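The residues making up each chain are set out below.
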Amino acid sequence: MARPPPDPLYSLRGSSGEVNTVAFLNPNDGQDQLLVSGGSDGQVTTWSLKTRRPVCSFAGHEKSVIAVEFAGRNRLFSQGRDGLIRLWSLADDRSQHAPTPRILCEIKVEAAGFCRFCLFRRHISLVSDGPDTIVMFPGENETALKTVAIATGTGQTGHPVYKLPVEQPERVGMCMAVHLFETEERLFGAGGFECGDVLVWRLEDEMLMTRVSLHREPLTCFSLDLTCMRGISGAAENLCKIFEFELNGSELISSCVKSFELLGASKGVSDTAIRSDGKICAVGCWNGSVQVFSWKKLKPLAVLTYHTMGISSVTFSESCSSEPAILLAVGSRDKRISIWSLYN
Amino acid sequence: MNGSICSVRQSLYILEKAPALGHAVSVVLQVATSDLARSLRLEAMKCLLALCWCSTDALAGEAVDAEPVSQDVRLHCQVIASFLPGVVTSIAKVILGDSKQGQTILSMAFLTWSSVVATAMSDRLMPQDMSLDMFQSKDKDMGKRQLIINQDKRWWNDTASKVHHLLKRILSIGIHSHWKLRLSVCQFAKMLLQNCNQSLENCVPLLVDVLVAHLNDDYKQVSVFSRQALDSFSVIVVARGSGSLISMFEDNIHSLATRLPRVVRTADDTVRLPTLDLLVGYLRLLGPRISSLLSSSAHLKRLSQALLQILEIDLSDIRIMEKHSAVLGSSTESALYHPVTEETFGHSHYRLQFRHFNDDHIKAAVIKSIRLLGCYGDLSLLVDHFADYFTQSSHWQKQAVLIVNELVRGCAQIGLDCSEDGFLHCSVNSKEAIEEHIMSLLSEYVSESHWHVPTTIDTRMEDFRANQSSRSLAAINVASPNGLSAQTLNSNTILVCLLLDGIAGFAEVLGQHFDALLMTALYPILEKLGDSKGVISQTALDTLTVICQCCGYSSMNDLICHNADYLIDAVSLNLRHLDMNPTTPRVLKMMLQHCDKALLPLVDDTLHEVFTVLDGHFDDTALLLVPVLQTLVEAIHYWFPSTNRATVCEWHEGSRIHEKEKVKACSISDFLKEYCHKNLDMEDGEGGVKDEDFDQTGEQNGEADDFPEDKKEPIPGHCLLTTEVLDRCIHFVSSKNARLRLLVLSVIQHGLLILAATTDQLLPQVHKLWSPLVKRFADIEPVVLMKALDVLCTMAEVSGDFIRRRVVSNVWPALSTSLERMNGMSLQSGKLYKHTVNFKLQKTVLTSLDVLICELDMGDVELSEISAAVLPYLDVRQPRELQEAAVRIFKALATADPDATWLVLSDAVGCCLLPPHPCLTSVKLGTERRPKGIQYSGVVMDLVCELSCCIWRKYIM
């Protein structure tokens, strides 16, 4: 008899709205591991994974929050459907009476959509208070994607600002997902579009490098693994695609390698994640299940059924000394976040 | 001599005076030992003290002067030393003599003995340098010189061994009954320890034993004194760093530990307690050195063996077997919601019974010694050691857990009164280390293999079997054990209790910090709180109370509500695999049982999960989950006391008010007056009612106009929840499992009471429930039938007229046939009949009829049918309870329809209507339908008379 599907390690309850997005803050120097979630009611909540309870919860946006991301221990980016990306200064979690978080910076996103922003953080900031983080988000019309550099310490925005152009924007449709990545010391920006394609630009000269056709339906999400230059994408259909990049001199070549069907009759995929050790990847589906595959061979490993409503977000934590097990956090529209420890 | 000064001392204690002095001493001794007069003996000893120039104050004092001993003092002591043998033997005789000679003499003797010895053999006189001959004066007077002993090393050793011998004899008399004497023994020991701990090194263990044995004296003076004495002695020991002493203590402990199990097994309490006190005292004396003692494996092994053997637990106590006590009853409504802070249920508290002793003092002493070990020993070493025992054999398990619990308590110095013990400084173990240990211990405690040992006949099996075969209740009760002996079950029960107690101990140790562990601990504890064994749930409750106190929660409700998220998380995860976690519903049940309505929004989510599971699986899980629903509705019923029910009742009352008043009227004259009044009143009243009705409808119309869409009050959450519960229950009313049917009916009953307030919710539910319920009136299980009747009564109470016609058409035929069928059975039955199911059924039917008549406005036909069916139960030969119930029914009937009832009754009794006034002729009623063979009691006659009286009043007007 097959082993029963695994159970979550635990779940985080008490979100007032549907959970749209979750992100980990990985602990260093022995502090608690934190998780942040954004809800459909505009609330941003940070959770301590030690006590499994909210650390602080505040109204981040007027409308539903679609993306959150930590940038250091007490800096947090959030993006709402109100068209704003905000950088928050959180209180140090050591102070008992935490004052409400402060907005350090606000970026206007012109494009109306569900596309989540993405961050690229330089590991070493050369100038101490200079911009250390690049934020990428969709632009409007001819500008497919836009980036802004921010100094997270002060909230000052600065250069470089890139505008990645696209011809015939009505043909590619809305941008659905974006990723920034660096390979061979060059920054690239990738965007997944309504037409089902992923387009990649080189940031320094704002040049479109490659375009790979993946889905017939609108693409919803994709993830990249830079160690093997491979990515997985999900769309509004019961299919996942695997694609690869190859850097050939200054050229970037991309190709769709594999297509596979998901188990069960899910109408679509809402989020994908690849674990940092490159062993497994997780696909969050609209029907509330999370499917786990081995990343190398794409062998189906488990179907995580816990949530009663669609999955909105899946994300893995980073392995670190104090928390060797890599956790998977799943946010769902049933207002719960489940934490899993798989194949550790 | 007391008044004399040093110069006298110089001149007296010289060699030349020694013979004279010796004579004086011997005379005094003679008096002290053999004189008959008490006071004389006392004086003699005082005199001796004076002669020997023993300043007791100086000796008792703690000053250890560092200054070198002057030559004359030395000489003085030397002179005394030469009298020593005579003095000590004589005084020892006094001490060992007649015990009736009085405590003053004895204590004086102790004082004398110790003072003389202390003077003669003071440590200060110990020859530091043997090569230096202290007696330069060699040639003076050899004759007298021989009288003085030569204090060389050999002398010291010889004397010490002789003194040791005597001391042993003196101390062999054990503990004295008089506390002053005990105190003087302690002083005696202290003085010797203070002054002669080096010279009389071989006696030190004996003396320490004395002090240690008095540590736990009932008299505070004695215990405090001995504690202080030990205290100061240990200061001396520590200051000197005397390795030999320490190793001697260790040897003592070793031999004590070897001896202990035998003593505890065989000796009586008077020997056990001192022996254990000794152990405690030694451990206390060693203090921080315990950890080095325990690093020797021989010591550790010996000690732990001793403890494990002493603490063997008695498993034969019948109370371990007890099922859930009534206080915490699993399904009885009365058991719900006792406030946690109240300590009212202590009476049923189970205490551990040990096999070898049952004295609390002994237990306290053992526990104290373990805690001392925990306080000063290396916790990780000890815990590991006892964990080994735990895994080695199931025989040691319980003791090992008990010891580990106490070790952990000890390392936080719980129960070790630090204020009294000056030398209890701090535990060897750091706070962080303790916390870490507790964390790992806790996870070990609640691990599957230890926490879920079978304590009852496997419930899962039971339920399974119940599902499989039993269609009747009887089969469930005959459950065969699943191969586990009662001994094993008891042992497991005790183990679980000890684990729970351990968790309480962790909470005590960690205090506020335990909050962080609640995540792991709370769920298992609640699981045990719902255990069917009374002992376990009681212990779990105690543990929770301790946790509340330690973590600063005001009540258990507070505790559970604050940590509901942890509980709910665990519950909802476990509900996914209910077959593997059959105890999960218990936790939810306990949460509901011990909390207030603040919990409801928190568990709402989980309750819906329960519903989902119930929807998905039918009978197999229902038995596990329906109890949760039952607790839920009971809890809701308690949390939201329905206000409307009272008004419903009032409304019913109102409709019957006229009849009642009629019955109550007393005399004709009163009645006449009242009648006039009433007529007026009634007219007014009716008018008023009409007006009101009109107003109300008018208002309602108005409202309806204002809100053309039917605007309703939002339905309270708990009502919605109840509706959902009832929806699920409908399916189980006709379950094959009788127990489940019973449970479900009980759920329905409470659910109806909750919904009584919201008619909009209630009536559709009643409608839905009706047809499954009706089938229960033909249930083969009488118990279910009775419960169904109960539910029917409740339904009648809350919904009134709504079910009148249904009752008449569906229920009444079944009831009347069963009543008729059974009246023959109960007729002329013996006492034993009262214990049969039939009797109970009859009684329930009659009682519920009573309620039904009151609540439902029955028509004439129905009433007469009821009276016909109940009439046989008025027979005197029926059991008295049934008669009473029948009389109540007739009273109810009389209220509803006095005329008809009277007719039936008088018909039956066959009495003629006595006229209220002689001028009226008596009326003979034409009907002669008197059933044969029924004998009526006086109560019935009274009833008839009362009724006829009323009727006369009514018709005479």
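Residues numbered from 1 in each chain as written. Chains lettered and ligands numbered in written order. Predicted model: local features only at pLDDT ≥ 70, side-chain atom pairs only at ≥ 80, totals over all residues. Heavy atoms only, no water.

Chemist: Before we go on, may I ask you to explain the pairing of strand β25 (residues 300–305) of chain A in this structure?
Modeler: Walk down a regular strand and you will see the side chains alternate between the two sheet faces. Residues and elements named next belong to chain A. Bridging between strand β24 (residues 289–294) and β25 involves five bridges; their strand directions are antiparallel. In the sheet register, Val292 faces β25, and the bridge partner there is Ala302. Adjacent in sequence and paired antiparallel, β24 and β25 are bridged by five residues, among which Leu298 carries a positive phi angle near 60°. (Pairing = 2+ DSSP bridges. Helix = DSSP H or I, 4+ residues; strand = E, 2+ residues; numbered from the N terminus.)

Chemist: When you look at the confidence of the model for chain B in this model, what are you seeing that I'm missing?
Modeler: Low pLDDT means the predicted coordinates in that region are not meant to be read closely. Residue and element names in this part refer to chain B. Of the residues in chain B, 69% reach a pLDDT of 70 or more, and the chain-wide mean stands at 71. When the criterion is pLDDT under 50, residues 419–425 qualifies, and its contacts beyond four places in sequence or with other chains add up to 17 contacts. Below pLDDT 50 for its whole length, residues 680–711 participates in four contacts with residues either more than four positions away or in separate chains. Predicted as a complex, the structure gets a pTM of 0.74 and an ipTM equal to 0.81. (pLDDT = per-residue confidence, 0-100. Contact = heavy atoms within 4.5 Å.)

Chemist: What is the right way to read the interface of chain B and chain A from this model?
Modeler: Note: interface size is frequently given as the accessible area lost on complex formation between the parts. On the side of chain A, 16 residues touch chain B, which itself brings 14 residues to the contact. Counting each side, the surface lost to burial between chain B and chain A is near 1200 Å², with a carbon and sulfur contribution of 38%. Asp605 of chain B is paired through a salt bridge with Arg336 of chain A; the nearest N and O atoms lie 3.4 Å apart. Remark: the boundary between chain B and chain A carries 14 residue pairs in polar contact (both at pLDDT 80 or more). Contributions of two or more residues to the side of chain B that touches chain A are made by α27 (564–575) and α29 (599–616) of chain B. Looking at the side of chain B that touches chain A, the element that brings in the most residues is α27 of chain B, giving six residues. Its residues placed into classes, the side of chain B that touches chain A shows four nonpolar, five polar and five charged. (Buried area = accessible area lost by both parts, 1.4 Å probe. Salt bridge = Lys/Arg side-chain N within 4 Å of Asp/Glu carboxyl O. Polar contact = N/O pair within 3.5 Å; in protein donor to acceptor, adjacent residues only side chain to side chain. Nonpolar A, V, L, I, M, F, W, Y, C, P; charged D, E, K, R; others polar.)

Chemist: For this particular structure, what's the right way to read the packing of aromatic side chains?
Modeler: Geometry of an aromatic ring pair is reported as the spacing of the ring centres plus the angle between the planes. Applying the stated criterion across every chain, the model contains twelve aromatic pairs over all chains. Look at Phe386 of chain B and Tyr389 of chain B: their rings are 6.1 Å apart centre to centre, the planes differ by 40°, and that puts the pair in the tilted class. A residue pair is termed a helical-turn pair when its members lie 3 or 4 positions apart in one helix, as Phe386 of chain B and Tyr389 of chain B do in helix α17 (residues 379–392) at three residues. Looking at Phe386 of chain B, the relative accessible area reads 2%, which means it is buried. You can call Tyr389 of chain B buried: its relative accessible area is 6%. An aromatic cluster of at least three residues, connected via ring pairs, comprises Phe181, Phe188, Phe222, Phe243 and Phe245 of chain A. (Phe/Tyr/Trp six-rings, centres within 6.5 Å; stacked < 30°, edge-to-face > 60°. Buried < 20%, exposed > 50% of the residue type's maximum accessible area, 1.4 Å probe, protein only.)

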